Amino acid sequence: MSTLKDIQHTIAPELQQLHDRIATALSSSNSLMTQVVTTYLSSKGKLIRPILVILTAKLLGKMNDNVILAAAAVEMLHNASLIHDDVVDESDKRRNRPTINSLWDNHIAVLVGDFFVSSALQQALATGDIRIVGSLARLGRLLSLGEVDQLYSAQNHILDEKAYFEIISRKTASLFVSCVEMGSYAVGVDDYRLESMRHFAELLGLCFQIKDDIFDYYSDDKIGKPTGNDLREGKVTLPLLYALNQRHHPRSAEMRALIEKEVLTSEDISSLIEYAKEAGGIDYAYQTMERLSQEASHDLDAFDNQQERETFRRLFDYIITREA
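Residues numbered from 1 in each chain as written. Predicted model: local features only at pLDDT ≥ 70, side-chain atom pairs only at ≥ 80, totals over all residues. Heavy atoms only, no water.

> Sorry, what's going on with the overall build of the chain here?
If you tally the helices and strands in the chain, you get 16 helices and two strands. The C-alpha radius of gyration computed for the chain amounts to 20 Å, which stays within 12% of the reference 20 Å derived for 324 residues, consistent with globular compactness. Once the C-alpha set of the chain is aligned to its principal axes, its extents read approximately 60 × 50 × 35 Å. Here the chain holds 324 residues, and 51% of them are scored as buried. Put simply, 76% of the contacts in the chain that link residues at least 6 apart link residues at least 24 apart. When the accessible surface of the chain is totalled, it reaches about 15100 Å², and 49% of it is carbon and sulfur. Positive and negative charge centroids in the chain, built from 34 and 47 side chains respectively, lie 3 Å apart. (Helix = DSSP H or I, 4+ residues; strand = E, 2+ residues; numbered from the N terminus. Rg over C-alpha atoms; globule rule 2.2 N^0.38 Å. Buried < 20%, exposed > 50% of the residue type's maximum accessible area, 1.4 Å probe, protein only. Contact = heavy atoms within 4.5 Å. Areas by Shrake-Rupley, 256 points an atom, 1.4 Å probe, with all protein chains shown as cover. Lys, Arg positive; Asp, Glu negative; His and termini not counted. Charge placed at Lys NZ, Arg CZ, Asp CG, Glu CD.)

Set out below in structure tokens:
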């Protein structure tokens, strides 16, 4: 079994409770909504976010109903953002399966996404913990701001590493931070231990996005999106960003001029991808993830539960080494 499957196996009863809770939360008397939701849920994701909620709860306390409610809430909000993203990006595939907007239409997809958001809020409210509700509300705000930041950066050709990390902190890492917050609150923890977990989750989320960005430079059916898709949308991610800022490289000026074009051709995208590899961008991205991983490992040293600590370290290793 892969590392992630190993981790999933250790919390199999909790994940089954999660699946049951999500199915119940998304049930309705509307036959079309039921059809769309059932089709969507038939493709199970990796469940990394709710796993993070559950593992945090186990690290800091004992499982209870609020942990499952919080995990369900964050997973449904995450899926809502994916459904809406597919509409915005006009995507017809996700995880190599047809998207809701391609099977039905944009109107249905947006409404289903809204249904997921409302259902997520209901689960958070069911915990009776305003801190969990607040964390989910902040998350929705940050996810939206992160996406707008990325659009602004793409439109204005901002080639700044600090700006890149601010974007992925909001659009991706904020979700991971919210997971550990909700897992902590669900078991009654709101002290210095939560601060350590927030920092760990931030670094984990940054690495998750960096690895996702690396995938864009290679062709692989497992990933479910075409090579260079980010560049087609005007997004300059860490590997190419690093390469473009290597001004000593003989092709630097040529590539910086190329990225300024309003519309990139397939040949342009291929040239930029090869340049990112040639100028050390992929290596730099992996080095960055390794540095963040080592930093995150120190956050876990504050906890006595060695078994749970090692599970978090394995999860971090999986994030960096995953193939899809």
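> Even after reading the chapter, I still don't get the packing of aromatic side chains, so can you show me in this structure?
Pairs of aromatic rings are described using the distance from one ring centre to the other and the angle between the two planes. If you walk through the whole model with that rule in mind, you get six aromatic pairs. When the ring of Phe 200 is compared with that of Phe 312, the centres are 5.5 Å apart and the planes differ by 85°; the resulting orientation is edge-to-face. Highlighted residues: Phe 200 in helix H10 (residues 192-215) and Phe 312 in helix H16 (residues 306-321), separated in sequence by 112 residues. Between Phe 200 and Phe 316 the ring centres are 5.6 Å apart and the planes differ by 75°, which places this aromatic pair in the edge-to-face class. Taken together, the residues span a long stretch of sequence, with Phe 200 in helix H10 and Phe 316 in helix H16 at a distance of 116 residues. You can call Phe 200 buried: its relative accessible area is 1%. (Phe/Tyr/Trp six-rings, centres within 6.5 Å; stacked < 30°, edge-to-face > 60°.)

> Is there a simple way to think about H16 in this case?
Between its terminal C-alpha atoms H16 stretches 22 Å, which fits the 22 Å expected from 16 residues at 1.5 Å a residue. Among the residues of H16, Glu 308, Arg 309, Thr 311, Phe 312, Arg 313, Leu 315, Phe 316, Tyr 318, Ile 319 and Ile 320 are the ones counted as buried. (Expected span 1.5 Å × (residues − 1).)

> How should I be thinking about the pattern of salt bridges in this particular structure?
Any two side chains of opposite charge can pair, given that their charged atoms come close. Under the criterion given, the structure shown has 16 salt bridges. The salt bridge partner of Arg 251 is Glu 278, with a shortest N-O separation of 3.1 Å. Here Arg 251 is found in the loop between helix H12 (238-244) and helix H13 (252-259), whereas its partner Glu 278 is found in helix H14 (residues 266-278), with 27 residues between them in sequence. Given the relative accessible area of 23%, Arg 251 is considered partly exposed. (Salt bridge = Lys/Arg side-chain N within 4 Å of Asp/Glu carboxyl O.)

> Quick question: what am I supposed to make of helix H4 (residues 48-60) here?
Since the α-helix packs 3.6 residues into each turn, any two residues three or four apart lie on the same face. With 13 residues, H4 should cover 18 Å at 1.5 Å per step; its first-to-last C-alpha distance of 18 Å lies within 8% of that length. Counting buried residues in H4 gives 12 out of 13 residues, a clear majority hidden from the surface. Listed in full, the buried residues belonging to H4 are Ile 48, Arg 49, Pro 50, Ile 51, Leu 52, Val 53, Ile 54, Leu 55, Thr 56, Ala 57, Leu 59 and Leu 60. On its buried face, H4 sits against helix H1 (3-10), helix H2 (12-25), helix H5 (65-89), helix H9 (161-186), H10 and H16.

> What am I meant to see in the state of the cysteines here?
Linking two cysteines covalently through their sulfur atoms gives a disulfide. Scanning the model with the defined rule gives zero disulfides in all. No disulfide involves Cys 207; its sulfur sits 16 Å from that of Cys 179, the nearest cysteine. Given the relative accessible area of 0%, Cys 207 is considered buried. (Disulfide = S-S within 2.5 Å.)

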